[in-house]
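# Inside the fold
The lines below spell out each chain.
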Amino acid sequence: GGFANDRPELALFDPSDRDVPLEARIEDARRAEAAARASDPRIVNSEGSQASSGFARVLYANSGGFLGAYESASHGLFCEPLAREGESMQRDYWMTAARRLADLEDAASVGREAARRALRRLGGKRVPTCEVPVLFDDRTAPSLIGQLASCANGYSIYREASFLAGRLGETIASPLVTIIDDGRLPGGLGSKPFDGEGQPTRRNILVQAGRLETWLLDCYAARKLDLASTGSASRGTGSAPRVGTTNLWLEPQQGTLDELIAEIDRGLLVTELIGMGFNPTTGDYSRGAAGLWIEGGEIVHPVEEITIAGNLG
């Protein structure tokens, strides 16, 4: 395909953010930490709070005649408090990230949310082996979607190291599932006007109403499969291109998380995943987890030291 000649305005940074002093970012971290500790006497310590700001300029040229550049920024705030009650001690975290400082969540609310999450894990229990509905919260669900996307990576497909190989056009999920990877989302944390090979980034619909629509491809993987690049090349300054995602998400359906919980008679809300137990060749999934147990449509107690298992195929 042709190189990216357009230059979309993707709102990847606010020039005035360069003028924000380092001390102001340190103060944000302190505010998050103080808010977490002040929210409940059971917050006894912390693994720390961190604020970050980075500015980048990417300039890419190749022997095919492409020359392009863009600037971006990324800002973050992270808080990880420790909660104690009797013998039970738990940690959890919350974070916010954005291209512009003005789009970050308020520092104090980040601290309070981190504390709330740590506190709700106190007194965790195990549950007996059972087969129940499993919900993933907003922090754990992205890893599941990312693992599915990695199985649509062109390199995995041509090597036949993915359970999705040979299944393009097939129904692989519920009709409620639509998964999109869009490199041109304004302000998106993964947005960029061109990919690691100078190809234009674009909106790729990976899964449409449960049907597998495309692989994610750079030029090399595309040639191997006799297809065209999907603008999905990702690279570091010293590395060859590889396939990567940009802004990857599951299209929202009707209903809130609370409404989904209310519909479950007995089940699990996953709030943390541990370990790497996913086999892309077979789709087998088995990971350590912690979360909240649901009975009669309500959260009844925290759960820890469990394993969730299934198959994405």
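The structure under discussion appears in the preceding block.
Residues numbered from 1 in each chain as written. Predicted model: local features only at pLDDT ≥ 70, side-chain atom pairs only at ≥ 80, totals over all residues. Heavy atoms only, no water.

### Quick look at the sheet that holds strand S14 (residues 298-311)
- With mixed pairing, the four strands of this open sheet are ordered in space as S5-S12-S13-S14. Each having just a single partner strand, strand S5 (134-136) and S14 make up the two edges of the open sheet. Strand-to-strand twist across the sheet, computed as the mean angle between neighbouring axes with direction ignored, equals 35°.
- Direction of pairing for strand S13 (residues 284-295) relative to S14: antiparallel, over a ladder of eleven bridges. Bridge pairing links Glu295 to Glu298 in S14. (Pairing = 2+ DSSP bridges. Helix = DSSP H or I, 4+ residues; strand = E, 2+ residues; numbered from the N terminus. Axes fitted to C-alpha atoms, helices over the stretch in contact; angles between N-to-C directions.)

### Overview of the side chain of Arg25
- Secondary-structure assignment places Arg25 in helix H1 (residues 22-38).
- In this structure Arg25 touches Val20, Ala51, Ser52, Ser53, His75, Gly76, Leu101 and Leu104, once residues within four positions along its chain are discounted. (Contact = heavy atoms within 4.5 Å.)

### Some details on unusual backbone geometry
- At Ala11, a residue that is not glycine, the phi angle is positive and equals roughly 55°.
- With respect to the helices, strands and loops of the structure, Ala11 is situated in the segment before H1.
- Not every positive phi belongs to a glycine, and Glu305 is a case in point at roughly 55°.
- One can find Glu305 in strand S14.
- In this structure Glu305 comes out as exposed when scored by relative accessible area, which is 55%. (Buried < 20%, exposed > 50% of the residue type's maximum accessible area, 1.4 Å probe, protein only.)

### Description of the pairing of strand S4 (residues 94-98)
- Here S4 shows a clear split, with Trp94, Thr96 and Ala98 buried on one side and none of Met95 and Ala97 buried on the other.
- Bridge count between strand S2 (residues 67-85) and S4: five bridges; the pairing is antiparallel. The partner of His75 across the bridge, within S4, is Ala98.

### Description of the pairing of strand S7 (residues 203-208)
- One ladder, built from four bridges, connects strand S6 (residues 179-182) with S7; its direction is antiparallel. Within S7, the residue paired with Ile179 across the bridge is Val207.
- Where S7 and strand S8 (residues 211-212) come together, two bridges link them in antiparallel fashion. Its bridge partner being in S8, Val207 is matched across the sheet by Leu212.
- Between the end of S7 and the start of S8, which pair antiparallel, lie two residues, with Ala209 showing a positive phi angle near 50°.

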